[in-house]
Amino acid sequence: VDESLIILCKRGDEKAQRELYDKFSGKMFRVCYRYLQNQMDAEDALINGFVKIFQGLNNLEYRSKEAAEGWMKKIMVNECLMFLRKKKTFSGISEETGNDMESAVIPVDDLEVEEIYAMILKLPDGYRTIFNLYVIEGYNHREIGAQLGISENTSKSQLHKARIMLQKLLTQKGITNEK
Amino acid sequence: MKNKMDALLREKINNLDTVPPGLTRDNEAGWEKIKKNQKAIAGKTDFVKKAAWGIILAAVLTEAFLFYGFEKPEEVKKEERGTYSSPATEKTEMQLEQTTAVYAKPDSKERKTTQEKTVTPRPVQSDTSMKIIVPTATVKPSADKQKEANTIKVPKAPARYPSLIGNAWEEGFRPAMAPQGKNLVQNGTFEEGNVGFKSDFRFLPHEDFVVGYTQIVSVSTQINGSQQVIAIPQISPIIAGSYIITDGFSHQKNRQFYSTTIYHDSSGFLSPSDSLGSSIPIVQTAVNPVPSMGSFLAVNINISGKQRIWYNSISVKPNTTYSFSCILANVSTQSSNPGAFKLCVNGEKVSKTLDLPLTNEWRSLSGMFTSGRYQTTIEISIEDIQSPIFNNLVALDNIIFKEIPPGEFRKKKERFSK
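Residues numbered from 1 in each chain as written. Chains lettered and ligands numbered in written order. Predicted model: local features only at pLDDT ≥ 70, side-chain atom pairs only at ≥ 80, totals over all residues. Heavy atoms only, no water.

Enquirer: Explain the overall build of chain B to me, and be specific about the residues and the numbers.
Expert: Along chain B, the regular secondary structure elements total seven helices and 15 strands. Buried residues in chain B amount to 44% of all 418 residues. In chain B, the proportion of contacts linking residues at least 24 apart, taken out of those at least 6 apart, comes to 80%. Surface exposure of chain B reaches about 21,900 Å², of which carbon and sulfur atoms provide 56%. (Helix = DSSP H or I, 4+ residues; strand = E, 2+ residues; numbered from the N terminus. Buried < 20%, exposed > 50% of the residue type's maximum accessible area, 1.4 Å probe, protein only. Contact = heavy atoms within 4.5 Å. Areas by Shrake-Rupley, 256 points an atom, 1.4 Å probe, with all protein chains shown as cover.)

As structure tokens, this is what we get:
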């Protein structure tokens with residue numbers, strides 16, 4: 001995101017806002033869809049997220065393109081988490097101990113990105129959310145626990161289960177992580 | 001290994017910037033929804049802002065009405081002003097404070113004989129209460145009715161009480177209508193004597209009150225060798241720089257003095273053979289203030305250079321508004337300038353300046369004071385502003401300092417500008 005575009009958006013320039021939307025709507029929709037696995041929900045989250053982006057731009061201190069994009073993505077992720085909280089996705093997750101974290105390495109090199117993306121979508125809501133937050137967004141378990149209202153150990157065990165499930169999916173596709 | 005794979009996966013996934021395969025989305029419709037949501041939020045924000053401003057405006061208007069709603073009318077007829085009597089004021093104050101200390105001022109004769117204070121409730125007369133008619137906002141009255149409505153109506157005081165005209169009117173605050181707070185001044189009417197206050201002036205005990213003494217002003221040698229000594233009394237019955245608490249300058253206490261010519265022989269010294277020359281009566285030097293209010297403080301500020309006639313420490317509540325008032329009168333018969341006075345709190349002037357006229361009627365002086373956030377003790381004082389060269393003999397009475405409940409006072413701030 002160019003700083004000039006951000007400045008124009010801050011001034012309320014509609015053309016600039018539209019340009020920002022056109023430029024990032026696809027990417028942000030991907031983010032939302034990865035969490036919500038439902039096009040309508042993802043579309044709603046995207047719209048709400050952009051409204052919040054335009055509202056919050058005045059508080060954004062532009063440092064770099066990456067930082068600005070990361071800020072927008074964070075807003076989208078939060079919108080998605082709000083959707084999931086409303087669906088009480090995380091209330092059913094029982095307290096678990098998070099051990100045996102050495103298993104389930106996903107052989108990314110052997111897969112097309114779209115294949116990985118599609119496999120992530122096949123994960124149940126809880127697994128998928130934690131997998132997205134930990135692996136794709138890069139949060140740690142403490143942050144995830146705080147975001148979702150679950151313990152760190154629960155987050156770890158959910159991630160572990162998500163990885164095992166992904167391995168199973170890969171096995172079904174005939175892909176193993178032997179190397 | 002796992003971390004490496006995760007990082008690679010993160011990079012790949014985050015680089016996806018198109019809609020997933022198999023899905024189509026209407027970008028334009030999404031944009032329209034965003035604009036619609038933005039407008040709805042802006043409308044809500046605008047409504048909230050307007051509502052907030054409306055609440056603020058309503059609060060300000062309410063406060064303004066409470067503050068200014070009973071403001072003094074621009075036109076107050078002289079005869080109506082004349083009906084504003086000090087006894088009514090005093091009575092109102094005392095009436096309000098019956099639960100604390102209400103007693104009639106003892107007659108001076110009773111006091112002299114018994115030295116005791118008879119506590120007798122003063123009869124309450126309902127017709128002395130004051131009434132304000134405030135015009136309503138919805139009905140526009142005729143010009144006459146408007147004028148009438150804008151006029152403060154004060155019932156006539158009993159005939160035995162002469163009128164009191166105070167500059168409190170000019171200040172927009174009327175002590176007679178002061179809200180019902182307890183007078184925080186102890187002995188503000190001086191009925192208890194010289195207690196409950198301090199003064200920069202010297203107290204002359206009542207019984208030792210020096211009513212006058214002769215002062216030799218000239219000595220001249222006569223043709224026959226004798227000397228003429230002209231002696232006149234002190235002009236004031238109270239020594240300059242002193243004060244007394246009295247219930248009036250009675251004839252005995254303020255006897256007429258005489259200019260006396262004494263002839264004595266050429267020895268230059270007074271001797272039994274000296275003869276008394278003619279005596280010329282000197283006019284009475286002090287008169288009682290009107291109306292009679294019982295005991296009062298009388299001070300001779302004559303070239304004293306002192307400032308605080310009366311002062312005392314008062315405990316106050318923080319962030320609270322108080323009214324402060326007293327009455328003053330010139331009691332000198334020879335003064336050409338009785339002086340100017342002010343009310344002060346912690347040395348700061350809180351009233352207008354009262355220039356006492358030559359008449360002997362009581363004049364009221366009032367002001368207001370709002371305590372600070374952490375203020376609990378203050379010093380209130382009644383001070384002389386300009387000490388005239390001589391003959392400044394002034395009476396002081398009815399000192400009142402009381403709390404005004406919030407919203408009850410109706411004084412315009414600008415009227416307190418010093």
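Enquirer: Any chance you could break down unusual backbone geometry for me, citing the residues and the numbers?
Expert: All names here are of chain B. The omega torsion of the bond from V290 to P291 falls at -5°, within 30 degrees of zero and hence cis. Position of P291 relative to the elements: it lies in the loop between strand 6 (275-282) and strand 7 (296-300). One non-glycine residue, N187, adopts positive backbone phi at about 60°. If you trace the backbone, N187 turns up in the loop between helix 7 (168-171) and strand 1 (202-203). Judged by its relative accessible area of 5%, N187 is buried. Phi angles above zero are rare outside glycine, and N319 is one such case at about 50°.

Enquirer: Tell me what's going on with the pattern of salt bridges, and back it up with residues and numbers.
Expert: Where charged atoms from two side chains of opposite charge come close, those side chains can pair. Under the defined criterion, the tally for this structure stands at 15 salt bridges over all chains. Among the salt bridges present, the one from K27 of chain A reaches E69 of chain A, with a minimum N-O distance of 2.6 Å. With K27 of chain A in helix 2 (residues 14-36) and E69 of chain A in helix 4 (residues 65-86), this pair connects stretches of sequence that are 42 residues apart. Taking the shortest distance from any N to any O, the salt bridge between R163 of chain A and D6 of chain B comes out at 2.7 Å. You can see R163 of chain A sitting in helix 8 (residues 152-172) and its partner D6 of chain B sitting in helix 1 (residues 2-14), one on each of two chains. D6 of chain B carries the same exposure label as R163 of chain A, and that label is buried. Via salt bridges that share partners, R18 and D22 of chain A together with E28 of chain B belong to a single interconnected network. (Salt bridge = Lys/Arg side-chain N within 4 Å of Asp/Glu carboxyl O.)

Enquirer: Tell me what's going on with the interface of chain A and chain B, and back it up with residues and numbers.
Expert: Listed as interface residues are 44 residues of chain A and, on the opposing side, 29 residues of chain B. The contact between chain A and chain B buries some 3,400 Å² in all, and 61% of this surface belongs to carbon and sulfur atoms. Put simply, chain A and chain B have three salt bridges between them. Residues R25 of chain B and E43 of chain A are paired through a salt bridge, measuring 2.7 Å at the closest nitrogen-oxygen approach. Run the count over chain A and chain B and you get 15 residue pairs in polar contact (both at pLDDT 80 or more). (Buried area = accessible area lost by both parts, 1.4 Å probe. Polar contact = N/O pair within 3.5 Å; in protein donor to acceptor, adjacent residues only side chain to side chain.)

Enquirer: Residue-level account of the environment of L356 of chain B, with values.
Expert: Residues and elements named next belong to chain B. By the secondary structure assignment, L356 is in the loop between strand 12 (354-355) and strand 13 (363-370). Since its relative accessible area comes to 5%, L356 is described here as buried. Along the chain, L356 and N337 lie 19 residues apart, while their C-alpha atoms are 7.8 Å from each other. Look past the residues within four positions of L356 in its chain and what remains in contact with it is L328, A329, N330, P338, G339, F341, R363 and V394.

Enquirer: Please provide a residue-by-residue account of helix 1 (residues 3-10) of chain A, values included.
Expert: Residues and elements named next belong to chain A. Of the residues making up helix 1, those classed as buried are L5, I6 and C9. Seen from one end, helix 1 has its buried residues packed into an arc of 100°, which puts them on one side. Looking at the buried side of helix 1, the elements it contacts are helix 2. One or two steps after helix 1, the chain reaches G12, where phi turns positive at roughly 90°. (Arc of directions from axis to C-beta.)

Enquirer: Please provide a residue-by-residue account of the sheet that holds strand 7 of chain B, values included.
Expert: Hydrogen bonds along the backbone pair up the strands of a sheet, which may run parallel or antiparallel. Pairing in this open sheet of six strands is mixed, and the strands run 1-4-7-15-9-13 (chain B) from one edge to the other. Each edge of the open sheet carries a strand with a single partner, namely strand 1 and strand 13 of chain B. (Pairing = 2+ DSSP bridges.)

Enquirer: For the pairing of strand 10 (residues 340-345) of chain B, give the residues involved together with the corresponding values.
Expert: Residue and element names in this part refer to chain B. Most of strand 10 is tucked away: six of the six residues are buried. Covered by surrounding structure in strand 10 are A340, K342 and C344 together with F341, L343 and V345, the residues of both alternating faces. As judged from the two bridges shared by strand 10 and strand 12, these two strands associate in the antiparallel manner. Residue pairing in the sheet places A340 in a bridge with D355 of strand 12. Sheet analysis places strand 10 next to strand 11 (residues 348-349), joined by two bridges and oriented antiparallel. Each bridged residue has a counterpart across the sheet, and for C344 the counterpart in strand 11 is K349.

Enquirer: An account of the nonpolar core is requested, with residue identities and associated values reported.
Expert: Within the largest apolar cluster, 64 residues are counted, with the highest numbers of intra-cluster contacts made by L20, Y35, F50 and F131 of chain A together with I13 of chain B. At eleven residues, the largest contribution of residues to this core is made by helix 2 of chain A. When near neighbours in sequence (up to four residues on either side) are disregarded, Y35 of chain A contacts V77, C80, L81, L84, R128, T129, N132, L133 and E137 of chain A. Formed by 32 residues, the second largest nonpolar core is a distinct cluster that contains W310, F324, F341 and L365 of chain B. (Core = buried A, V, L, I, M, F, W, Y, C linked by side-chain atoms within 4.5 Å.)

Enquirer: How would you summarise the packing of helix 3 (residues 39-56) of chain A against helix 4 of chain A if you had to cite specific residues and measurements?
Expert: Residues and elements named next belong to chain A. Put simply, helix 3 and helix 4 touch, their axes get as near as 9 Å, and they point 135° apart. Considered as vectors, helix 3 and helix 4 are oriented oblique to each other. Note that helix 3 runs across helix 4; the crossing there is right-handed. Of the residues in helix 4, those touching helix 3 at D41, D44, A45, L46, N48, G49, F50, K52, I53 and G56 are W71, M72, I75, M76, E79, C80, M82 and F83. (Axes fitted to C-alpha atoms, helices over the stretch in contact; angles between N-to-C directions. Parallel < 35°, antiparallel > 145°, perpendicular 65-115°, else oblique. Left-handed = near helix turned anticlockwise from the far one by under 90°.)

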